[in-house]
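Residue-level structural notes
As a plain string of letters, each chain reads:
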There are 2 protein chains.
Amino acid sequence: MRIFVPFDPRRPKTRLGSIFDDDEREAFATAMCRDVCESIEGAGHTPELLATQAVDIDVQTTVDDRSLSTVVNDSLTSVDLPAAVIMADLPLITPATVERLLSTVGDVVLAPGMGGGTNALIVRQPDFRVDYHGGSYRKHRAQARAIDADLAQIDSFRLALDIDEPRHLVEVLLHSDGHATSWLSRNGFEGRNTGGRGTVVRTDPASSNRAE
Amino acid sequence: MRIFVPFDPRRPKTRLGSIFDDDEREAFATAMCRDVCESIEGAGHTPELLATQAVDIDVQTTVDDRSLSTVVNDSLTSVDLPAAVIMADLPLITPATVERLLSTVGDVVLAPGMGGGTNALIVRQPDFRVDYHGGSYRKHRAQARAIDADLAQIDSFRLALDIDEPRHLVEVLLHSDGHATSWLSRNGFEGRNTGGRGTVVRTDPASSNRAE
């Protein structure tokens, strides 16, 4: 199955700006993207990056700076189906997660993201088109029904958690051990329990930033 | 398998206080607990509530106001294993989620919650004890290793998302259709997309509260 991984290193993860500077945001986003690509490879498949500019990741890459939905739809309509799309900011996924996703039966398989997005999908029906702008999960669900496609949802925390807020970093430290986790450790981030949900703090004395 | 559902209606969901008053918090927590119990029943099992006070839910209930960990450990050590513990604030779970949890193999099976908690677990090894205070997932994982138990994790968004912040309500509206969803709709909550992740707003004109 063709597996596309859209990745925009230009303005990655704006909401992480409260704890990362611009270079750090890009480095962390790249580390997450590497994790996603390696999990796909670990499941025996070949990821194809759809990047908005050249990136330093050793994976087949198409550079295309049009909108996410346009680029993904062009990719989906140019290949033999089935094809999958997996977002680049899912460092919690493992080869087993990818295998579970790809083995889920359905004309359209959706992996919902926190907040109503669509973090991964499989398309086996040629009429399906993506629309990632605003509440995409609901839109994709409605569209699958409209084209009479057999719709399946995959229930996965690892696929649901796209990392784009400081509070999510604790999940990376707890549930992942790849490039993103290494990057966080190397840059002084540690998990803490301050009552209720866990958080991360930045202990690197060279930094004046502090995680939420 | 015995399935315990701990539920504290006395101080439920403090972080929802920004949008619910005290009575509403308790009513919403009770609606979520009903959803959890019905999903367990839908999977062919019998939930047993461990509640800190009498509750208006038609399920076998033990009232015990000691600490969560104490009550759960007393329950686990008083029954024949295996036994499961499923939190009451998981309205996204379905009978299929419960079946998937209960069929997961392992001496100790953990369902991580957002922020490092443990939202459900199965115990098949008599030496295992719970400790829910602060970062319980990490502690439970370490303890399972210490007692040489075969440890498994279940990767489920529906189990990972305990609802205790306003931002989580949009997930209830999107992915559930039980008592909690009905309660939200009846009380004027609607999903909105305001760019990025979805949120809920309260449209009930009788209310001066407004969701984040």
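None of these values were measured; they are calculated from a predicted model.

**A look at helix α1 (residues 22-42) of chain A**
All names here are of chain A. For α1, with 21 residues, the first-to-last C-alpha span of 30 Å sits near the 30 Å given by 1.5 Å per residue. Of the residues that open α1, the one with a side-chain oxygen 3.1 Å from the backbone nitrogen of D23 is D21. Once α1 ends, the next one or two residues include G44, with phi positive near 90 degrees.

**Topic: the sheet that holds strand β1 (residues 2-7) of chain A**
Residue and element names in this part refer to chain A. One open sheet holds the 7 strands; their spatial order is β3-β2-β1-β4-β6-β5-β7, and the pairing between them is mixed. Looking along the sheet, the strands with just one partner apiece sit at the ends: β3 (61-63) and β7 (151-153). Averaged over all adjacent pairs, the angle separating strand axes in this sheet is 20 degrees, with direction ignored. In terms of strand pairing, strand β2 (residues 47-51) meets β3 through 3 bridges, oriented parallel. Paired with L50 across the two strands is T62, which belongs to β3. Its contacts with the sheet place helix α3 (residues 95-102) against β1, β4 (83-86), β5 (108-112) and β6 (118-123), and it is angled at close to 45 degrees to β6.

**A closer look at unusual backbone geometry**
All names here are of chain A. The omega torsion of the bond from L81 to P82 falls at 5 degrees, within 30 degrees of zero and hence cis. With respect to the helices and strands, P82 occurs in the loop between α2 (68-77) and β4. Although it is not a glycine, D148 adopts a positive phi angle of roughly 60 degrees. Tracing the chain through its elements places D148 in the loop between α4 (136-146) and β7.

**Details of the packing of α1 of chain A against helix α7 (residues 179-186) of chain A**
Residue and element names in this part refer to chain A. Close contact between α1 and α7 brings their axes to 7 Å; oriented N to C, the two are set at 150 degrees. Between α1 and α7, the angle is such that the two are roughly antiparallel. In contact with E24, A27, F28, A31, M32, R34, D35 and E38 of α1, α7 contributes H179, A180, W183 and L184. Across the contact of α1 with α7, the residue classes break down as 7 nonpolar, 1 polar and 4 charged.

**Some points on the relation of the copies chain B and chain A**
The two copies are related by a screw motion: chain B maps onto chain A through a turn of 180 degrees and a shift of 0.0 Å along the axis, at an RMSD of 0.0 Å. The superposition operator between the copies reduces to a two-fold rotation axis. When you check the interface residues of chain B against chain A, 100% turn up at the interface there too, and the contact is symmetric in its surfaces.

**Brief notes about the side chain of T30 of chain B**
All names here are of chain B. With respect to the helices, strands and loops of the structure, T30 is situated in helix α1 (residues 22-42). A distance of 2.8 Å separates the side chain of T30 from the backbone oxygen of E26, its partner in a polar contact. In this structure T30 touches F7, D56 and I57, once residues within four positions along its chain are discounted.

**Side note on the interface of chain B and chain A**
Opposite the 33 residues of chain B that make contact, chain A presents 33 residues. Here chain B meets chain A over a buried area of about 2900 Å², counting both sides, of which 44% is carbon and sulfur. Taken together, chain B and chain A are joined by 4 salt bridges. One salt bridge in this structure joins E165 of chain A and R167 of chain B, with 2.7 Å as the shortest N-O distance.

Conventions used here
- Residues numbered from 1 in each chain as written.
- Chains lettered and ligands numbered in written order.
- Predicted model: local features only at pLDDT ≥ 70, side-chain atom pairs only at ≥ 80, totals over all residues.
- Heavy atoms only, no water.
- Helix = DSSP H or I, 4+ residues; strand = E, 2+ residues; numbered from the N terminus.
- Expected span 1.5 Å × (residues − 1).
- Polar contact = N/O pair within 3.5 Å; in protein donor to acceptor, adjacent residues only side chain to side chain.
- Pairing = 2+ DSSP bridges.
- Axes fitted to C-alpha atoms, helices over the stretch in contact; angles between N-to-C directions.
- Contact = heavy atoms within 4.5 Å.
- Parallel < 35°, antiparallel > 145°, perpendicular 65-115°, else oblique.
- Nonpolar A, V, L, I, M, F, W, Y, C, P; charged D, E, K, R; others polar.
- Least-squares fit on C-alpha atoms with pLDDT ≥ 70 in both.
- Buried area = accessible area lost by both parts, 1.4 Å probe.
- Salt bridge = Lys/Arg side-chain N within 4 Å of Asp/Glu carboxyl O.

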